[in-house]
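What the coordinates show
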Amino acid sequence: MQPLKLNGVLIDDTFAEAFGMRAAAIVITADSPRWARQAAVTMTGYATSVIGCGCEAAIDRELRADQTPDGRPGVRVLVFAMSVTDLQNQLRNRVGQCVLTSPGSACYGDLEGQERLKLGDSLRYFGDGWQISKRLGVKHYWRIPVMDGEFVCEATVALTRNAVGGGNLLILAVGSKQALAAAEAAVEAIEAVPDAIMPFPGGIVRSGSKVGAKYKSMRASTNDAYCPTLRGGVETALDPEIASVLEIVIDGLTSEAVANAMRAGLRAIVELGSATGAARVSAGNYGGKLGPHHYHLRALSPEGGGHEPPGEQET
Amino acid sequence: MKPLVLRLRAAPEQRLDMSPLTPQRLAGKSEREISGVELQTTRRTLRVGDLFDVSEGSAEHILIEGGSERFDRVGEGMSAGSITVDGEVGIRAGRQMTGGRLAINGNSSHWTASGMTAGFIEIGGHAGDRLGGPLAGEVEGMSGGMVVVRGDAGARAADRLRRGVVIIEGDAGDDAGARMLAGTLIVRGAAGARTGYLLRRGTIVLGAVSGDFGPTFVDCGVHELTAHLLMAAYVGESSAKAASVLRRSLRRFLGDMAVLGKGEIFVAV
């Protein structure tokens, strides 16, 4: 196959391999955007990877006052975990410790569905008997008295079993400045995509991993094939001119959201071009045997032509 | 869809049991069959055809043109669809409704919305006593849905309310929200004596300062709560007036301390 080069950026003929996850979407509101954001930032801290954090979480988007249940400014947060039990525990603990505690906050579910996670139903006990149940139509809220008034929290929130975690882009550049510029452009573009988040710091990972290690206790270790300083000593995946690699990891409520996010990221990287940005874009996979979702870079590229439906399950 | 129209020819000579005229009970019936439905409450038989001109339409939506305070049990037990009465009705309108919409453009008498569990009732005029309340011997009143009275309501509105929302855009009589178990009562105007008497749980909102609640309601200060905003958003579609009360600063009284004491009365300040 002809190598695909767009605006000087080489697009590898490979794919990102992603996994099924369980996810919930919640809306956090407060008296001002600043405090809605603060509660969300605190709640999604230390939530980069399920391996060490129990869940992956980040802000999906900010909401205007007219887009939230209580008419106050808000933020939509997505939380992803490997099992419903993990998701339940993480959501309860994070909302309980980080949102309940934040000035003026309130918390609501933002997905439709029959299968529910307990939220207010477990946090209400903080009210020590003074909590108030309020049903308004199909919605059920708990009002928990706190020192600045009341914390309002929806009793249960829906979850989805169709979420996808691990969509990714590997950005290869001639220097760290160029790699970061391309990654930042991709992050900015992906932030606009609904239903998708990038859980790592600022959306970017610099420590991509491979499965396993020489040490028995390590389940994952540094991705030596992409470490520029090891190029001469390992079976490298890097061209001679590459000096810096950054990765963007994407979780989405649907496979389509992940595909849309990767498409937006690729477009931004290509538009920036190779002169100040990436020399090459690749993606991480495990040979296609582990994850059911495959996202082919060329099909998602701006001029990829869309030969194959992006994000389609191949198993 | 074209509604089934029942046009009243003359005032009925006896009280009527209108409960057979609900969408689910008339579903699939022909104009002729509908005309034969009996509505009498005395020994003298009175059929739909004796009182109304029937013009064929979908029984999913029933329009009754003309009303009477002798129209009892309008929409009783209805579960879906809609009934609109262009006029007034008697007692028990919308009693034990489980769904659908009932609109009365005039006044309705006692026990309106009594024991309803879901659905929506709108009374264009005034409502009588025991709005949403139980009949004698029943443990609970209304337990779901929403009822909006554009005018005033009589005594004991929302008596033994279990769940759901009762909105009175005018004033309420004495003992509004008495013995409430939970749920929400919003009175845009003033309420009479003993509001919230023996209130266990639930929320009463008053738009105007009303009579003293007595020493068993304790002042908890003036607040603007997120819960008010949620309630305003929920009731706003059906009653902009009720929503406007909830957007004001409200003084919270906790009570009735003579019983469980987990209810609240909010009064606009």
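Keep in mind the model is a prediction, meaning the values are calculated, not measured.

Details of the overall build of chain A
Across its full length, chain A holds seven helices and 17 strands. Its C-alpha atoms put chain A at 65 × 45 × 35 Å along the principal axes. The buried share among the 315 residues of chain A stands at 48%. Here the analysis covers contacts within chain A between residues at least 6 apart in sequence; of these, 73% occur between residues at least 24 apart.

Things to note about the overall build of chain B
Along chain B, the regular secondary structure elements total five helices and 15 strands. Summarising its shape, the C-alpha atoms of chain B cover approximately 60 × 35 × 25 Å along the three principal directions. Looking at chain B as a whole, 52% of its 269 residues are labelled buried.

Some points on the domain arrangement of chain A
Residues and elements named next belong to chain A. Per the domain assignment, the segments making up chain A are domain 1 (4-18 + 162-300) and domain 2 (21-160). Taken over C-alpha atoms, the centre of domain 1 sits 30 Å from the centre of domain 2. Listed per partner, the contact involves 13 residues of domain 1 and 15 residues of domain 2. For the side of domain 1 that touches domain 2, the element with the most residues is strand β11 (residues 156-173), which contributes four residues. A per-class count over the side of domain 1 that touches domain 2 returns nine nonpolar, two polar and two charged.

Regarding the nonpolar core
Formed by 167 residues in total, the largest nonpolar core has its most connected members in Val79, Ile171 and Ile269 of chain A together with Val166 of chain B. Top contributing element to this core by residue count: helix α6 (residues 255-272) of chain A, with 11 residues. Lining this core are residues from two domains, each supplying at least three of them: domain 1 (4-18 + 162-300) and domain 2 (21-160) of chain A. With sequence-adjacent residues up to four places away left out, Val79 of chain A is seen in contact with Ala23, Ala24, Cys55, Ala57, Leu87, Gln90 and Leu91 of chain A.

Section: the packing of helix α5 (residues 176-191) of chain A against α6 of chain A
Residues and elements named next belong to chain A. For the pair α5 and α6, interaxial distance at closest approach is 8 Å and the crossing angle is 140 degrees. Comparing the axis directions of α5 and α6 gives the class oblique. Of the two elements, α5 crosses α6, and the hand of that crossing is right-handed. In this structure, α5 uses Ala181, Ala182, Ala185, Ala186, Glu188, Ala189 and Ile190 to contact α6, whose residues at the interface are Ala261, Ala264, Gly265, Arg267, Ala268, Ile269 and Leu272. Looking at side-chain class alone, the contact of α5 with α6 contains 11 nonpolar, one polar and two charged residues.

Focus: the interface of chain B and chain A
Chain B puts 10 residues into the contact, and the matching count from chain A is 14 residues. Ranked by residue count, the leading element in the side of chain B that touches chain A is helix α4 (residues 226-236) of chain B, at seven residues. Its residues assigned to classes, the side of chain B that touches chain A shows seven nonpolar, two polar and one charged.

Remarks on the pairing of strand β1 (residues 3-8) of chain B
Residues and elements named next belong to chain B. Relative to strand β4 (residues 58-65), β1 is paired through five bridges, and the arrangement is parallel. Counterpart to Arg7 in the pairing with β4 is Glu65. As paired elements, β1 and strand β3 (residues 52-55) share four bridges and run antiparallel to each other. Bridge pairing in β3 links Arg7 to Asp53.

Digging into the confidence of the model for chain A
Mean pLDDT over chain A stands at 94; residues scoring 70 or higher make up 96%. Taken together, the stretch residues 305-315 of chain A has pLDDT below 50 and engages in 19 contacts with residues farther than four places along the chain or on a different chain.

Considerations on the confidence of the model for chain B
Note that predicted coordinates carrying low pLDDT should not be read in detail. When pLDDT is averaged along chain B, the result is 96; 100% of the residues meet or exceed 70. The ipTM for the predicted assembly is 0.94, set against a pTM of 0.93.

Some points on the environment of Val222 of chain B
All names here are of chain B. Relative to the helices and strands, Val222 resides in strand β13 (residues 218-223). Along the backbone, Val222 and Gly144 are 78 residues apart, and their C-alpha atoms lie at a distance of 29 Å. Not counting the four nearest positions on each side in its chain, Val222 is found in contact with Ser249, Leu250, Arg251 and Val269.

Looking at unusual backbone geometry
That bond from Gly255 of chain B to Asp256 of chain B is cis: its omega, -5 degrees, falls within 30 degrees of zero. Along the chain, the position of Asp256 of chain B falls in the loop between β14 (250-255) and β15 (262-268). At Asp128 of chain A, a residue that is not glycine, the phi angle is positive and equals roughly 50 degrees. Its place among the elements puts Asp128 of chain A in the loop between α4 (120-123) and β8 (132-136). Even without being a glycine, Leu198 of chain B presents a positive backbone phi close to 60 degrees. Within the secondary structure, Leu198 of chain B is located in the loop between β11 (184-187) and β12 (201-206).

Quick word on the environment of Ala136 of chain B
The residue Ala136 of chain B is located in the loop between β8 (120-123) and β9 (143-149) in this model. Along the primary structure Ala136 of chain B and Glu33 of chain B are separated by 103 residues, whereas in three dimensions their C-alpha atoms are 35 Å apart.

Some thoughts on helix α3 (residues 84-99) of chain A
All names here are of chain A. Those residues of α3 that sit buried are Leu87, Gln90, Leu91, Arg94, Val95 and Val99. Seen end-on, α3 carries its buried residues on one side only, within an arc spanning 115 degrees. Within α3, the exposed residues directed more than 90 degrees away from the buried face are Thr85 and Gln97.

Some thoughts on the pairing of β15 of chain B
Residues and elements named next belong to chain B. Counting buried positions over the seven residues of β15 gives five, a clear majority of the element. Sheet analysis places β12 next to β15, joined by six bridges and oriented parallel. Note that in β15 the partner of Ile204 across the bridge is Ile265. Summarising the sheet, β14 and β15 pair through six bridges and their orientation is antiparallel. What sits directly across from Gly255, in β15, is Gly263. What sits between the antiparallel neighbours β14 and β15 is a turn of six residues, in which Gly261 has the positive phi angle 75 degrees.

The rules behind these values
- Residues numbered from 1 in each chain as written.
- Chains lettered and ligands numbered in written order.
- Predicted model: local features only at pLDDT ≥ 70, side-chain atom pairs only at ≥ 80, totals over all residues.
- Helix = DSSP H or I, 4+ residues; strand = E, 2+ residues; numbered from the N terminus.
- Buried ≥ 20, exposed ≤ 12 C-beta atoms within 10 Å, placed from the backbone.
- Contact = placed C-beta atoms within 7 Å.
- Domains from an automatic or database assignment.
- Nonpolar A, V, L, I, M, F, W, Y, C, P; charged D, E, K, R; others polar.
- Core = buried A, V, L, I, M, F, W, Y, C linked by C-beta atoms within 7 Å.
- Axes fitted to C-alpha atoms, helices over the stretch in contact; angles between N-to-C directions.
- Parallel < 35°, antiparallel > 145°, perpendicular 65-115°, else oblique.
- Left-handed = near helix turned anticlockwise from the far one by under 90°.
- Pairing = 2+ DSSP bridges.
- pLDDT = per-residue confidence, 0-100.
- Arc of directions from axis to C-beta.

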